[in-house]
Amino acid sequence: MEDKEVEKIKEEKIKKMLDQATAGVKKLSTSEFDSFINSDKPVLVDFWADWCMPCRMMAPVMEELAKAYSGKALFGKVNVDENPQISSRYGIMSIPHSLIFKNGTRVEKIVGAVGRVPLENALKKHL
């Protein structure tokens with residue numbers, strides 16, 4: 001019984017830390033996704049899930065990029081479990097999975113927990 005309580009506390013703390021780490025990255029839902037990606041600035045969207053450890057590792061990378069490119073690009077995240085319609089529309093079969101959009105059109109795809117440099121290089125091509 002105590003082990004389950006400890007696990008629940010751990011999960012809640014990890015979720016809280018993840019939410020704080022991604023404060024500069026907009027959490028997107030189906031209702032706002034299309035309007036968010038329709039920007040003349042590049043839009044980097046991270047597809048992730050709570051249970052995905054590599055996704056959790058990429059959350060601070062997204063936050064760093066959001067701070068570094070504030071005003072030059074937009075950053076969002078889509079929880080694939082909460083928004084299956086978006087994931088399905090873009091053929092997201094594995095996570096973490098990042099897409100870069102420009103004017104609502106997908107211009108780049110990055111699959112996996114690749115770290116900051118590959119994501120940043122992909123983003124720079126579209127600035």
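This report concerns the structure included in the present document. Only a predicted model underlies this, so the values are computations on that prediction, with no experimental measurement involved.

Cut-offs and rules
- Residues numbered from 1 in each chain as written.
- Predicted model: local features only at pLDDT ≥ 70, side-chain atom pairs only at ≥ 80, totals over all residues.
- Heavy atoms only, no water.
- Helix = DSSP H or I, 4+ residues; strand = E, 2+ residues; numbered from the N terminus.
- Rg over C-alpha atoms; globule rule 2.2 N^0.38 Å.
- Contact = heavy atoms within 4.5 Å.
- Areas by Shrake-Rupley, 256 points an atom, 1.4 Å probe, with all protein chains shown as cover.
- Lys, Arg positive; Asp, Glu negative; His and termini not counted.
- Charge placed at Lys NZ, Arg CZ, Asp CG, Glu CD.
- Phe/Tyr/Trp six-rings, centres within 6.5 Å; stacked < 30°, edge-to-face > 60°.
- Buried < 20%, exposed > 50% of the residue type's maximum accessible area, 1.4 Å probe, protein only.
- Pairing = 2+ DSSP bridges.
- Axes fitted to C-alpha atoms, helices over the stretch in contact; angles between N-to-C directions.

### Focus on the overall build of the protein chain
Logical step 1: What the protein chain contains, in helices and strands, is five helices and five strands.
Logical step 2: Each helix and strand of the protein chain, placed in order from N terminus to C terminus, yields the pattern α-β-α-β-α-β-α-β-β-α.
Logical step 3: For the protein chain, whose C-alpha radius of gyration is 15 Å, the value lies close to the compact-globule estimate of 14 Å for 127 residues.
Logical step 4: With respect to the principal axes defined by its C-alpha atoms, the protein chain has extents near 50 × 30 × 20 Å.
Logical step 5: The long-range fraction of contacts in the protein chain, counting pairs at least 24 apart against all pairs at least 6 apart in sequence, stands at 72%.
Logical step 6: As displayed, the protein chain has an accessible area near 7,300 Å², and 54% of this comes from carbon and sulfur atoms.
Logical step 7: Put simply, the protein chain has 20 plus and 18 minus side-chain charges, and the middle of one group is 6 Å from the middle of the other.

### Things to note about the packing of aromatic side chains
Logical step 1: According to the stated counting rule, one finds four aromatic pairs in the structure shown.
Logical step 2: Summarising the aromatic geometry, the rings of phenylalanine 33 and phenylalanine 47 are spaced 6.5 Å apart at their centres and angled 55° between planes, so their arrangement reads as tilted. Highlighted residues: phenylalanine 33 in helix α2 (residues 30–37) and phenylalanine 47 in strand β2 (residues 43–48), separated in sequence by 14 residues.
Logical step 3: A relative accessible area of 0% places phenylalanine 47 in the buried class.
Logical step 4: Judged by centre distance (5.2 Å) and plane angle (75°), the rings of tyrosine 90 and phenylalanine 101 are edge-to-face. In this pair, tyrosine 90 is assigned in the loop between α4 (84–89) and β4 (97–102) and phenylalanine 101 in strand β4, connecting sequence segments 11 residues apart. Here tyrosine 90 and phenylalanine 101 have matching classes, each one buried.

### Concerning the sheet that holds strand β3 (residues 74–79)
Logical step 1: Within the open sheet, the five strands sit side by side as β1-β3-β2-β4-β5. Their pairing is mixed. At either margin of the open sheet sits one strand with a lone partner, and together these are β1 (26–28) and β5 (105–111). In this sheet, neighbouring strand axes are inclined to one another by 25° on average, regardless of whether the strands run parallel or antiparallel.
Logical step 2: Bridge count between β4 and β5: six bridges; the pairing is antiparallel. Looking across to β5, one finds that lysine 102 is bridged to threonine 105.
Logical step 3: Packed onto the sheet, α2 meets β1, β2, β3 and β4 and runs at close to 120° relative to β1.
Logical step 4: Relative to β2, helix α3 (residues 53–68) is tilted by about 165°, and along the sheet it contacts β2 and β3.

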